[in-house]
Amino acid sequence: MSNSFFKRFKKEEKPVVMEEETPVWQDRIFWVSTMQKIAYPVLNNLASGSLRKTMPYESKSNKGQKFTYLEAFARVFNGIAPWLELGSDSSKEGTLRGKYINLVLKSIKNSVSTNSNDYIFVVEPKQSLVDVALFAQGLLRAKNSIWLNLPMDVQARIIRELKNTRIIAPYENHWLLFTSMIEATLLEFTGECDKERLIYPITKFRNDFYLGDAIYSDGEDFELNYYNSLVIHPMLNDILEVMRKYSLQEGEFLDVQLMRSSRLASQLERTISPEGTYPVVGKSLAYRCGVFHLLSQAALNKILPRNISQAQVRCALTKVIKKQFEGNQNFNAEGWLVCGFNSSQLDACENNIDTGSLYACCAVFLALGLKPDDEFWNAPAEDWTSIKAWNGQQIQPDQPINF
């Protein structure tokens, strides 16, 4: 289950002439290989009951150590869940996926078992609310491959853990969506929820926090950062899908929200430079390419705007992932992520960032939930907007929205 499966596809040092479809296939192979490189230490150790023993802790503060293990697992699972949802099959990737499904099932069992060395659901205000919500979102994204394959006693334990977070009062910002996500998951899996905790965050973002042109403020005050992509849009999209499914009136907001997400996806695609870099602005930059959570979700959910092709998004995101993870600058000698943006850069991290936080980078891998024969993975390579613009190719004007 290591990266050995992909070694045969390692890129040669000298340029070679290939048929067109070969580099297209290499993109998906590279994504899966990189995903493994990041996720395997977390999942293998948690499945073996050795995560607390083995995983290092790096941070400016020691306050997050009790939460760091849940952080790491929830963020890995959240990002790879759509890929797991494809299920296992007889292909080499499908066989690998089956092994990772089993790893996640074992990891979840250990993580919620009070008798396990790796019981990591520490429900204590307030940080645990964040990662229980990300874990819940992962369950929604992998309902068939993960949730329905868990033993009933493990499911019951998870439901209790989700309900235990109700003692936590969220901040009046994107944290509101964490409570809503947990209640949406409970609604989906039990048919019941705390409707106030489910609905209030949606109405708050819909009625009070929207600034225009696809951007929500993160609470009453506006800050320039990537939280619209990291949390706000992806959670609104997934929560509203559940609300519409259960015919809740607020679910009607989904159509407008998806159009706003489509616009944000366009903005994000334009931020990726020809070199695969992006603006180093705002907090939580240690999440690295996880800041493109919404762009990858837009590709997965087929809500990219018409003027942006799936191929150019694939190529742009591949370039970003290569920029940050093709080398080993963001890993320590044991394969764990290190605190920083594009190497070990602890000074660039906020006090609440620790080793577990870093695994939010896995959000970029959502598009792996598209089947290998999907157009996203098979269309010929295409330049993205910044390459076209700087090379003098024809591009369309950037079109804002006013709804």
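Residues numbered from 1 in each chain as written. Predicted model: local features only at pLDDT ≥ 70, side-chain atom pairs only at ≥ 80, totals over all residues. Heavy atoms only, no water.

## Some thoughts on empty space enclosed by the protein
- Overall, the coordinates contain 1 cavity of 30 Å³ or more when judged by the stated rule.
- Taken as a whole, the largest cavity encloses approximately 30 Å³ of empty space.
- What lines the largest cavity is simply Tyr216, Ser217, Asp218, Phe222, Glu223, Asn225 and Asn228.
- Grouping the constituent residues of the lining of the largest cavity by class yields 2 nonpolar, 3 polar and 2 charged. (1 Å grid on protein atoms, 1.4 Å probe; cavity = no way out; pocket = protein on both sides within 12 Å on 5 of 7 lines; lining within 4 Å. Points joined across faces, edges and corners; volume = space filled by probe spheres on them. Nonpolar A, V, L, I, M, F, W, Y, C, P; charged D, E, K, R; others polar.)

## Focus: the pattern of salt bridges
- By the definition in use, this model includes 20 salt bridges.
- With a closest N to O distance of 2.7 Å, Arg28 and Glu93 form a salt bridge. Remark: Glu93 occurs in helix α4 (residues 92-112) and Arg28 occurs in helix α1 (residues 21-47); sequence separation between them is 65 residues.
- Glu93 gets classed as buried once you look at its relative accessible area, which sits at 14%. (Salt bridge = Lys/Arg side-chain N within 4 Å of Asp/Glu carboxyl O. Helix = DSSP H or I, 4+ residues; strand = E, 2+ residues; numbered from the N terminus. Buried < 20%, exposed > 50% of the residue type's maximum accessible area, 1.4 Å probe, protein only.)

## Overview of helix α5 (residues 127-141)
- Between its first and last C-alpha, α5 extends 22 Å over 15 residues, near the 21 Å set by a 1.5 Å rise per residue.
- Within α5, 15 of the 15 residues are buried, which leaves it mostly tucked inside the rest of the structure. (Expected span 1.5 Å × (residues − 1).)

## Some thoughts on the environment of Leu304
- With respect to the helices and strands, Leu304 occurs in the loop between α11 (293-300) and α12 (310-325).
- Residue Leu304 is classed as buried on the basis of its relative accessible area of 16%.

## As for the confidence of the model for the protein
- Residue-level pLDDT values for the protein average 94, and 94% of them are 70 or greater.
- For residues 4-22, every residue scores under 50 in pLDDT, and the model assigns this stretch 16 contacts once sequence neighbours within four places are set aside. (pLDDT = per-residue confidence, 0-100. Contact = heavy atoms within 4.5 Å.)

## A word on helix α3 (residues 68-85)
- Counted at 1.5 Å a residue, the expected span for α3 with its 18 residues is 26 Å, and the 25 Å between its end C-alpha atoms agrees.
- At Gly79, α3 shows its strongest bend, of approximately 45°, with the proline Pro82 following within four residues.
- With respect to burial, α3 is a largely interior element, 17 of its 18 residues being buried.
- Gly87 sits one or two residues past α3 and shows a positive phi near 80°. (Bend = angle between axes of the 7 residues up to and from the residue.)

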